[in-house]
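# Chain and residue survey
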Amino acid sequence: VLEYWYHKLSNKPLKRFSVDEMTDCTSVNNIPNSGCEGGLMEYIFEYAEQHATSFQHEYKHSCNSNKIKSHITVNDYDVQDIESNPNLEKQIPHLLHTYGPLSVGIDSNNDFIDNYVHGIFPEQLCSNDIDHAVVIVGYTKDAWIIRNSWGVDWGEKGFFKLKRNVNACGIAEYMSYITDAKVE
């Protein structure tokens, strides 16, 4: 999501932000995450409101000590969940067109997703017990197009499709997205 906003606002070539920095340096109540364990996507947006955000090659594995100027500052973001908004999945197309890619949680704790190769992933092969962050980047008539962080050798060159309008793998359980940002 940060990469999208950086590219959108700067018109510069797409650059990868440091995933290590985002998992190492984001926390809640000053209790650090253990890598991806325990983190929420909104913590990254909170971090980017106050700290320099590094490109992948700039992060030196030391939180809050970046001497670089921040590449992007998050001014505002929103967090939604299915409990407070039962129609959240139906609103995804509008949110994508308005704000760009959306960070969502899904259930990835199964061998079926680990071994996904192509096509629309069947919703009955996973639960709504979310444990992994992914990004919705688009959609077709039948599926959400999702970018995963497992690399281009997984799925459809790092992407996969989930069936729409059935809360497949808990896609509408928890979502966060940037609503305003600025490039330094």
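Our subject is the structure listed above.
Residues numbered from 1 in each chain as written. Predicted model: local features only at pLDDT ≥ 70, side-chain atom pairs only at ≥ 80, totals over all residues. Heavy atoms only, no water.

As for its placement among the helices and strands, Ser103 is situated in strand β4 (residues 102–106). Beyond its immediate sequence surroundings of up to four residues, Ser103 is in contact with Val1, Met41, Phe45, Val134, Val135, Tyr174, Met175 and Ser176. (Helix = DSSP H or I, 4+ residues; strand = E, 2+ residues; numbered from the N terminus. Contact = heavy atoms within 4.5 Å.)

Among the secondary structure elements, Asp107 is positioned in the loop between β4 and α5 (111–114). Here Asp107 falls in the buried class, since its relative accessible area comes to 6%. When the C-alpha positions of Asp107 and Cys126 are compared, they lie 6.3 Å apart, and in sequence the two are 19 residues distant. Here Asn109 takes part through its backbone nitrogen, which lies 3.0 Å from a polar atom of the side chain of Asp107. (Buried < 20%, exposed > 50% of the residue type's maximum accessible area, 1.4 Å probe, protein only. Polar contact = N/O pair within 3.5 Å; in protein donor to acceptor, adjacent residues only side chain to side chain.)

Inspection of the sheet shows strand β6 (residues 132–139) paired to strand β7 (residues 143–147) by 4 bridges, in the antiparallel sense. The partner of Tyr139 across the bridge, within β7, is Trp144. Summarising the sheet, β7 and strand β8 (residues 159–163) pair through 5 bridges and their orientation is antiparallel. Paired with Trp144 across the strands is Leu162, a residue of β8. (Pairing = 2+ DSSP bridges.)

Turning our eyes to something else, we now look at the state of the cysteines. Under the defined criterion, the tally for this structure stands at 1 disulfide. Disulfide partner of Cys126: Cys169, at an S-S distance of 1.9 Å. Looking down the S-S bond of the Cys126 and Cys169 bridge, the torsion is -90°, so its handedness is left-handed. Of this pair, Cys126 sits in the loop between β5 (120–121) and β6 while Cys169 is found in the loop between β8 and β9 (174–183), placing the two residues 43 residues apart along the sequence. Overall, the relative accessible area of 15% leaves Cys126 in the buried class. (Disulfide = S-S within 2.5 Å.)

Applying the stated criterion across every chain, the model contains 4 salt bridges. Between Arg147 and Glu3 there is a salt bridge, with its nearest N and O atoms 2.9 Å apart. A residue pair is termed long-range when its members are at least 10 positions apart, and Arg147 in strand β7 and Glu3 in helix α1 (residues 2–10) qualify at 144 residues. For Glu3, a relative accessible area of 12% puts it in the buried group. Between Lys161 and Glu156 there is a salt bridge, and its shortest N-O distance comes to 2.9 Å. (Salt bridge = Lys/Arg side-chain N within 4 Å of Asp/Glu carboxyl O.)

Keep in mind these numbers describe shape, not what the thing actually does.
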